[in-house]
Amino acid sequence: MRWTVGQRITVGYAVILVLLVVAAGAGMFALSRIAGTFETVIRQHEQGIETALEARGDADRAVVSFFRYLQTRQEQFLKDRDRQLAEAREAMTRLRDTSATAEAKKGWEESLGLLNAWDEASSAMIAATKARREVEAIRILTERTAPARSGPGFAPQSPPSAPW
């Protein structure tokens with residue numbers, strides 16, 4: 001059987017159209033799978049960021065409770081400090097344990113170390129304050145508590161010099 005030019009063109013277009021539909025179908029299938037995975041990853045990152053912000057807030061509230069205790073000597077602020085530290089520690093531990101990379105795990109481990117160092121230093125300052133050893137309490141604040149809160153490489157910055 002001899003095909004006419006018109007039949008050949010029609011069959012060629014039909015083959016191209018079928019291949020186009022197959023490629024589009026495969027693309028839509030792959031895109032739907034990728035979109036689902038992408039949404040899952042975004043949700044996981046959102047939860048991680050939310051947990052990190054909560055941990056930061058708990059740690060900051062513990063510091064505020066610590067200073068409120070130093071100002072008022074009310075024991076309730078020590079209880080608040082301990083509760084907030086426990087919440088921050090729990091959130092940081094959860095973030096460390098669920099981190100996907102070794103670098104992230106190391107970062108959360110360092111954060112936990114800083115939180116624990118601040119807890120130890122502030123506890124020592126509280127003990128010195130309760131024993132009415134004010135000079136020692138101030139020394140602990142300047143040498144241990146503030147640097148532990150600021151992290152490694154803490155160096156108080158001097159005010160900038162005047163431009164003139």
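Source: prediction; values computed, not measured. (Residues numbered from 1 in each chain as written. Predicted model: local features only at pLDDT ≥ 70, side-chain atom pairs only at ≥ 80, totals over all residues. Heavy atoms only, no water.)

**Here's the deal with the environment of Ala88**
Now for step 1: One can find Ala88 in helix H2 (residues 75-98).
Now for step 2: For Ala88, a relative accessible area of 0% translates into the label buried.
Now for step 3: Spatially, the C-alpha atoms of Ala88 and Ala59 are 5.7 Å apart, while their sequence positions differ by 29 residues. (Helix = DSSP H or I, 4+ residues; strand = E, 2+ residues; numbered from the N terminus. Buried < 20%, exposed > 50% of the residue type's maximum accessible area, 1.4 Å probe, protein only.)

**Examining the nonpolar core**
Now for step 1: In this structure, Phe66, Tyr69, Leu115, Trp118 and Met125 are the most contacted members of the largest nonpolar core, which totals 21 residues.
Now for step 2: Looking at this core, the elements with two or more residues in it are helix H1 (5-72), H2, helix H3 (102-130) and helix H4 (134-150). (Core = buried A, V, L, I, M, F, W, Y, C linked by side-chain atoms within 4.5 Å.)

**Considerations on the confidence of the model for the protein chain**
Now for step 1: When pLDDT is averaged along the protein chain, the result is 87, and 90% of the positions lie at 70 or above.
Now for step 2: Within the protein chain, the lowest mean pLDDT, 81, falls on H4, and the highest, 95, falls on H2.
Now for step 3: Here residues 152-164 is modelled with pLDDT under 50, and outside its nearest four sequence neighbours on either side it reaches two contacts, counting other chains as well. (pLDDT = per-residue confidence, 0-100. Contact = heavy atoms within 4.5 Å.)

**Brief notes about the pattern of salt bridges**
Now for step 1: For the coordinates displayed, the defined rule picks out 14 salt bridges.
Now for step 2: Where Asp80 meets Arg83, a salt bridge forms, and the shortest distance between an N and an O atom there is 3.6 Å. Of this pair, Asp80 and Arg83 both sit in helix H2, three residues apart, which is roughly one turn of the helix.
Now for step 3: Residue Asp80 is classed as buried on the basis of its relative accessible area, which comes to 16%.
Now for step 4: Here Arg94 makes a salt bridge to Glu90, at a shortest N to O gap of 2.5 Å. Remark: Glu90 and Arg94 occur in helix H2; sequence separation between them is four residues, near one turn of the helix.
Now for step 5: Salt bridges sharing partners connect three or more residues here, namely Arg81, Asp82, Arg89 and Asp119. (Salt bridge = Lys/Arg side-chain N within 4 Å of Asp/Glu carboxyl O.)

**Considering H3**
Now for step 1: If you check H3, its first and last C-alpha atoms are 42 Å apart, about what 29 residues at 1.5 Å a residue would give, namely 42 Å.
Now for step 2: Phi turns positive one or two residues past the end of H3, at Arg132, with a value near 60°. (Expected span 1.5 Å × (residues − 1).)

**Comments concerning the packing of H1 against H2**
Now for step 1: In the contact formed by H1 and H2, the axes pass within 8 Å of each other and the chain directions differ by 160°. Classified by the angle between their axes, H1 and H2 sit roughly antiparallel to one another. Helix-helix and strand crossings are classified by hand; for H1 and H2 the assignment is left-handed.
Now for step 2: Tallied by class, the residues present in the contact of H1 with H2 amount to 13 nonpolar, five polar and eight charged. (Axes fitted to C-alpha atoms, helices over the stretch in contact; angles between N-to-C directions. Parallel < 35°, antiparallel > 145°, perpendicular 65-115°, else oblique. Left-handed = near helix turned anticlockwise from the far one by under 90°. Nonpolar A, V, L, I, M, F, W, Y, C, P; charged D, E, K, R; others polar.)

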